[in-house]
Amino acid sequence: MALVLPFNYLIHFLPLPKASALQVETTRHLMLSSSLGLIALKSLLIYPVIEECVYRGIMLQMLRRYLPLWAALLPPTLLFGVTHLGYSPQNAVFAGLCGLHFAWLSIRSGSLLTSILCHSAVNLFAVFLLPLALGRSAAAADPRFLFHPPALVLLAASLAVLAAGMRELRGAFVRAAPPLGVATPAAA
């Protein structure tokens with residue numbers, strides 16, 4: 001969840017076209033016409049599982065067999081971003097950045113479960129908690145919310161959680177060295 005605000009601040013300063021009135025109205029209509037339970041089910045379970053299985057599970061793993069890692073990351077990340085373009089150009093860039101992070105998680109952990117959980121957490125924060133915390137139903141549609149005191153406090157907290165989480169993940173992903181005195185195949 002700590003990715004949401006730092007990425008939003010970063011994207012705010014990029015020269016991207018703003019969401020069209022049609023995109024804003026369509027997003028608002030979709031949110032108002034769906035039940036909260038259905039929105040939660042889709043954004044916290046269905047979309048994260050399907051998208052992670054397709055983009056990081058199938059596409060990335062197939063491409064990694066034949067391409068260097070950096071080249072294998074491009075198609076699924078770009079496609080993941082493009083599929084989120086319907087909401088706004090900013091959302092597409094945000095999704096692409098998150099997609100890179102999800103790919104890193106799945107590669108480093110060797111499991112899609114970590115990227116699915118992170119994807120669900122990002123959706124939870126972006127769709128439900130951030131608008132609730134800022135008192136806005138369409139916080140992402142108005143980039144000025146980034147400069148209000150509550151958003152700045154949340155940014156500071158997000159950066160602290162992100163730093164602690166990355167440090168923890170780095171430690172968890174470090175492969176254990178063999179005990180001293182045990183011969184490894186390379187040493188033998």
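As shown above, the structure is provided for reference.
These figures come from a predicted structure and were not determined experimentally.

Re the overall build of the chain
Alright, step 1. Across its full length, the chain holds seven helices and zero strands.
Alright, step 2. A fraction of 70% describes how many contacts in the chain between residues 6 or more apart in sequence connect residues 24 or more apart.
Alright, step 3. Roughly 11,300 Å² of accessible area belongs to the chain as shown, and the carbon and sulfur atoms make up 73% of that amount.

Some details on helix α3 (residues 36–66)
Because an α-helix completes one turn every 3.6 residues, residues spaced three or four positions apart along the sequence face the same direction.
Alright, step 1. An ideal rise of 1.5 Å per residue puts 45 Å on 31 residues; α3 measures up with 42 Å between its terminal C-alpha atoms.
Alright, step 2. Buried within α3 we find I39, S43, P48, E51, E52, Y55, R56 and L60.

Some points on the packing of α3 against helix α4 (residues 69–83)
Alright, step 1. Contact pair α3 / α4: the axes reach a minimum separation of 8 Å and the direction vectors enclose 155°. Here α3 lies roughly antiparallel to α4, going by the angle between them. Relative to α4, α3 is oriented so that their crossing is right-handed. Of α4, the residues touching α3 (which contributes E51, Y55, R56, M59, L60, L63 and R64) are L69, A72, L73, P75, P76, L79, F80 and T83.
Alright, step 2. Its residues placed into classes, the contact of α3 with α4 shows eleven nonpolar, one polar and three charged.

Points about the pattern of salt bridges
Side-chain pairing between opposite charges can occur once the charged atoms of the two side chains come close.
Alright, step 1. If you walk through the whole model with that rule in mind, you get one salt bridge.
Alright, step 2. Residues R56 and E52 are paired through a salt bridge, measuring 2.8 Å at the closest nitrogen-oxygen approach. With a gap of four residues between them, R56 and E52 both fall in helix α3, about one helical turn apart. Residues R56 and E52 agree in their burial class; the two are buried.

Regarding the nonpolar core
Alright, step 1. In terms of nonpolar packing, the biggest core is built from 19 residues, with V4, L5, F94, C98, F102, C118 and V122 touching the most fellow members.
Alright, step 2. Setting aside its immediate chain neighbours within four residues, C118 contacts L3, H101, F102 and L105.

Rules and cut-offs
Residues numbered from 1 in each chain as written. Predicted model: local features only at pLDDT ≥ 70, side-chain atom pairs only at ≥ 80, totals over all residues. Heavy atoms only, no water. Helix = DSSP H or I, 4+ residues; strand = E, 2+ residues; numbered from the N terminus. Contact = heavy atoms within 4.5 Å. Areas by Shrake-Rupley, 256 points an atom, 1.4 Å probe, with all protein chains shown as cover. Expected span 1.5 Å × (residues − 1). Buried < 20%, exposed > 50% of the residue type's maximum accessible area, 1.4 Å probe, protein only. Axes fitted to C-alpha atoms, helices over the stretch in contact; angles between N-to-C directions. Parallel < 35°, antiparallel > 145°, perpendicular 65-115°, else oblique. Left-handed = near helix turned anticlockwise from the far one by under 90°. Nonpolar A, V, L, I, M, F, W, Y, C, P; charged D, E, K, R; others polar. Salt bridge = Lys/Arg side-chain N within 4 Å of Asp/Glu carboxyl O. Core = buried A, V, L, I, M, F, W, Y, C linked by side-chain atoms within 4.5 Å.

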